[in-house]
Amino acid sequence: MDAREMKIKAAEAALAHVEDGMRLGIGTGSTAEEFVRLLAEKVAGGLRVEGVPTSERTARLCLELGVPLKSLDELPELDLTIDGADEVDGRLRLIKGGGGALLREKIVACASRRMIVIADESKVVETLGAFKLPIEVNPFGLVATRIAIEKLATRMGLSGAIDLRASGDGTFTTDGGHYILDASFGRIPDADALARNLNDIPGVVEHGLFINIASLAVIAGPAGARTLTAKE
Ligand SMILES: O=C[C@H](O)[C@H](O)[C@H](O)COP(=O)(O)O
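Residues numbered from 1 in each chain as written. Predicted model: local features only at pLDDT ≥ 70, side-chain atom pairs only at ≥ 80, totals over all residues. Heavy atoms only, no water.

Chemist: Help me out: how do you make sense of the site of the ligand in this one?
Modeler: As a matter of local geometry, the ligand sits amid 16 residues, with Thr28, Ser30, Thr31, Glu105 and Lys123 nearest to it. Within the backbone of Ala101, one N or O atom sits 2.9 Å away from an oxygen atom of the ligand. Separating an oxygen atom of the ligand from a side-chain N or O atom of Lys123 is a distance of 2.7 Å. Surface burial for the ligand is 90%, taken as the share of its 370 Å² of free accessible area covered by protein chains. (Near = heavy atom within 4 Å. Polar contact = N/O pair within 3.5 Å; in protein donor to acceptor, adjacent residues only side chain to side chain. Areas by Shrake-Rupley, 256 points an atom, 1.4 Å probe, with all protein chains shown as cover.)

Chemist: Explanation requested: the UniProt feature "active site" (unreviewed entry) in the protein in the structure shown.
Modeler: Taken from the UniProt record, the annotation "active site" (unreviewed entry) applies to Glu105. The topology assignment puts Glu105 in helix 4 (residues 102-110). In this view, Glu105 contacts Thr28, Thr54, Asp83, Lys96, Gly97 and Phe210; residues no more than four positions away in its chain are not counted. (UniProt positions renumbered as here; feature names shortened; annotations may be inferred. Helix = DSSP H or I, 4+ residues; strand = E, 2+ residues; numbered from the N terminus. Contact = heavy atoms within 4.5 Å.)

Chemist: Help me understand the sheet that holds strand 11 (residues 179-183), please; the structure alone is not making it clear to me.
Modeler: Read across the open sheet, the four strands follow the order 8-11-7-12; overall the sheet is antiparallel. Edge positions in the open sheet fall to strand 8 (162-164) and strand 12 (204-207), since each of these has one partner strand only. Here the average twist between neighbouring strands, direction ignored, is 30°. Here strand 7 (residues 133-137) pairs with strand 12 via three bridges, running antiparallel. From the neighbouring strand, Glu136 faces strand 12, where its bridge partner is Glu206. Sheet strands in contact with helix 5 (residues 142-155) are strand 7, strand 8, strand 11 and strand 12, and its direction is about 160° off that of strand 8. Where helix 6 (residues 191-199) meets the sheet, it contacts strand 7 and strand 12, and its direction lies at approximately 160° from that of strand 12. (Pairing = 2+ DSSP bridges. Axes fitted to C-alpha atoms, helices over the stretch in contact; angles between N-to-C directions.)

Chemist: What is the right way to look at the pattern of salt bridges in this model?
Modeler: Where side chains of opposite charge bring their charged atoms close, a pairing between them can arise. The final tally for this structure, using the stated rule, is 18 salt bridges. Measuring nitrogen to oxygen at the nearest pair gives 2.8 Å for the salt bridge that ties Asp89 to Arg93. Residues Asp89 and Arg93 agree in their burial class; the two are buried. Here the residues in one salt-bridge network are Asp89, Arg91, Arg93 and Asp192, joined through shared partners. (Salt bridge = Lys/Arg side-chain N within 4 Å of Asp/Glu carboxyl O. Buried < 20%, exposed > 50% of the residue type's maximum accessible area, 1.4 Å probe, protein only.)

Below you can see the structure in the form of structure tokens.
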């Protein structure tokens, strides 16, 4: 099974949790897009759902494939969000934001009764941090915010480059008009504390640590899909 087939397997297994009439948060990224394609087939076959997309990219795909969309302001309380992740640990803590959609993804997931993560085995880790942690920041005061993050990292015994994400010849800008700093910490022993402390830095809009948000992960590997639930 190649990487794309595993993403499809995970998306298929997550689709089984979607019921008629649900208000759905719809994630961003290559795995979430496989879910959108499968969902669109069900919608064409008569399934009634209303989706809230977590990015402009996802919104475009949903519109193209005929998945009905609403804004989060129109549907502020959702039944279920299905989204990908860059890393998942055994407590269902996640790193997200590789595609830059972490802010809307977190807002939508937190407005949902449940969040199901879809991923392939390569995303499952013992300790979060091998994937660069995306930190969404306000462009105002970028240098000061980066220094504050560096000081926090040092206080917490973390080190590694903190790079401004680029796009083509310029700076990557999120759907919300912010920048992303990618922090190469390598290993984050206390993700819960880092998440709280990052939120205390004023220029940080949001970060890619999703703690106590996901309720289930569907992980696809060569032998098929398995589910992961949070263990303390
Ligand atoms: O900002 C992007 C999202 O957090 C994605 O869900 C994450 O990067 C995983 O994407 P993919 O399924 O393409 O690996």
